[in-house]
Amino acid sequence: DALAQLVPVTYDPVANSALPDSLSDRTDADGFYSIVPADSGQFNVLGTDPSESLRVLVRNIDVGLKNETAVPEAVLKKAASLIVHLPDKSRTPDDYVYMEGTTCFKYAGEVTESSGYVTLTSVPYGPAPNVYYVSPDYITGPQLILDSVFIEAGSASDARVPDIWD
């Protein structure tokens, strides 16, 4: 059985608190699950099978408190990775890159000066949510660095970041 998890569409896995267990459920033999959130809103459904390195992301599901919400059928496929090339700049260990509305993130401090990139792993396939760069040094908040990226199942997608630091 896979794990289904409701993730708020604007979720930042570093800045926001950990997702409560109440937003997760294991699928039954037929792939069905039931999650009752404390609040209504817009969520992504992140499906995972860690034993097989499989993932899927169903995006932008409007969830109410009293109504059953049907989620489009989705198939778990091999997880991918997203290689994010960062421009030359001084990075601090507290800077990080994250994929909005998922649990995927990586601290920029894990970049070696020779490589200049971070790799988000266990990324679900399909059209990816926005990817942000966050630094405590930026008073303007998270910087959008990638949008409109399509992730192929089981691949390593390579994304160049536009120069946002000018």
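Moving on to the overall build of the protein chain. Assigned secondary structure in the protein chain consists of zero helices and 14 strands. Counting from the amino terminus, the protein chain carries its helices and strands in the arrangement β-β-β-β-β-β-β-β-β-β-β-β-β-β. Counting the 166 residues in the protein chain, one finds 43% classified as buried. Once local pairs closer than 6 in sequence are excluded, the contacts in the protein chain between residues at least 24 apart make up 58%. With the model as given, the accessible surface of the protein chain reaches about 9200 Å², and the carbon-plus-sulfur share is 48%.

Looking now at the pairing of strand S3 (residues 41–49). Among the nine residues of S3, seven are classified as buried, and the element is accordingly described as predominantly covered. Pairing between strand S1 (residues 3–8) and S3: six bridges, direction antiparallel. For alanine 4, the partnering residue across the bridge sits in S3 and is glycine 47. Bridge count for S3 against strand S4 (residues 54–63) is eight bridges, and the pairing is antiparallel. Each residue of the ladder has a partner; that of aspartate 49, found in S4, is leucine 54. The turn joining S3 and S4, which pair antiparallel and follow one another in sequence, is formed by four residues; a positive phi near 55° is taken by serine 53.

Attention shifts here to the packing of aromatic side chains. Applying the stated criterion across every chain yields a total of four aromatic pairs. Ring centres of tyrosine 96 and tyrosine 98 lie 5.9 Å apart, and the angle between their planes is 40°; this geometry places the pair in the tilted category. Taken individually, tyrosine 96 and tyrosine 98 each receive the classification buried, so the pair is uniform in this respect. With 5.5 Å between their ring centres and 20° between their planes, tyrosine 98 and tyrosine 132 make a pair best called stacked. Here the residue tyrosine 98 occupies a position in strand S7 (residues 96–99), and tyrosine 132 occupies one in strand S11 (residues 131–134), the gap between them amounting to 34 residues. Ring pairs connect the aromatic residues Tyr96, Tyr98, Phe105, Tyr107 and Tyr132, which therefore count as one cluster. A cation over an aromatic ring shows up here: lysine 77 above the ring of tyrosine 125, its NZ or CZ 4.9 Å from the ring centre.

Right, let's talk about the sheet that holds strand S8 (residues 105–107) for a bit. One open sheet accounts for four strands, arranged S8-S7-S11-S12; its pairing is antiparallel. In this open sheet, the two edge strands, each paired with only one partner strand, are S8 and strand S12 (143–146). Between one strand and the next, the sheet's axes are offset by a mean angle of 25°, whatever the strand orientation. Examined bridge by bridge, S11 and S12 share three bridges and lie antiparallel to one another. Note that in S12 the partner of valine 131 across the bridge is leucine 146.

Even without being glycine, serine 53 reaches a positive phi, approximately 55°. In this structure, serine 148 is a non-glycine residue whose phi angle is positive, near 60°. Examined against the element boundaries, serine 148 turns out to sit in the loop between S12 and strand S13 (150–151). Relative accessible area serves as the criterion here: at 75%, serine 148 is assigned to the exposed category.

Read across the open sheet, the five strands follow the order S2-S1-S3-S4-S5; overall the sheet is antiparallel. With one partner strand each, in any of the chains shown, strand S2 (24–26) and strand S5 (77–78) form the two edges of the open sheet.

We now examine the confidence of the model for the protein chain. Looking at the protein chain as a whole, the pLDDT averages 86, with 90% of positions reaching at least 70. Taking the mean pLDDT of every element in the protein chain, the minimum, 74, falls on strand S14 (residues 156–160) and the maximum, 96, on S1.

Definitions and limits used
Residues numbered from 1 in each chain as written. Predicted model: local features only at pLDDT ≥ 70, side-chain atom pairs only at ≥ 80, totals over all residues. Heavy atoms only, no water. Helix = DSSP H or I, 4+ residues; strand = E, 2+ residues; numbered from the N terminus. Buried < 20%, exposed > 50% of the residue type's maximum accessible area, 1.4 Å probe, protein only. Contact = heavy atoms within 4.5 Å. Areas by Shrake-Rupley, 256 points an atom, 1.4 Å probe, with all protein chains shown as cover. Pairing = 2+ DSSP bridges. Phe/Tyr/Trp six-rings, centres within 6.5 Å; stacked < 30°, edge-to-face > 60°. Lys NZ or Arg CZ within 6 Å of the ring centre and 35° of its normal. Axes fitted to C-alpha atoms, helices over the stretch in contact; angles between N-to-C directions. pLDDT = per-residue confidence, 0-100.

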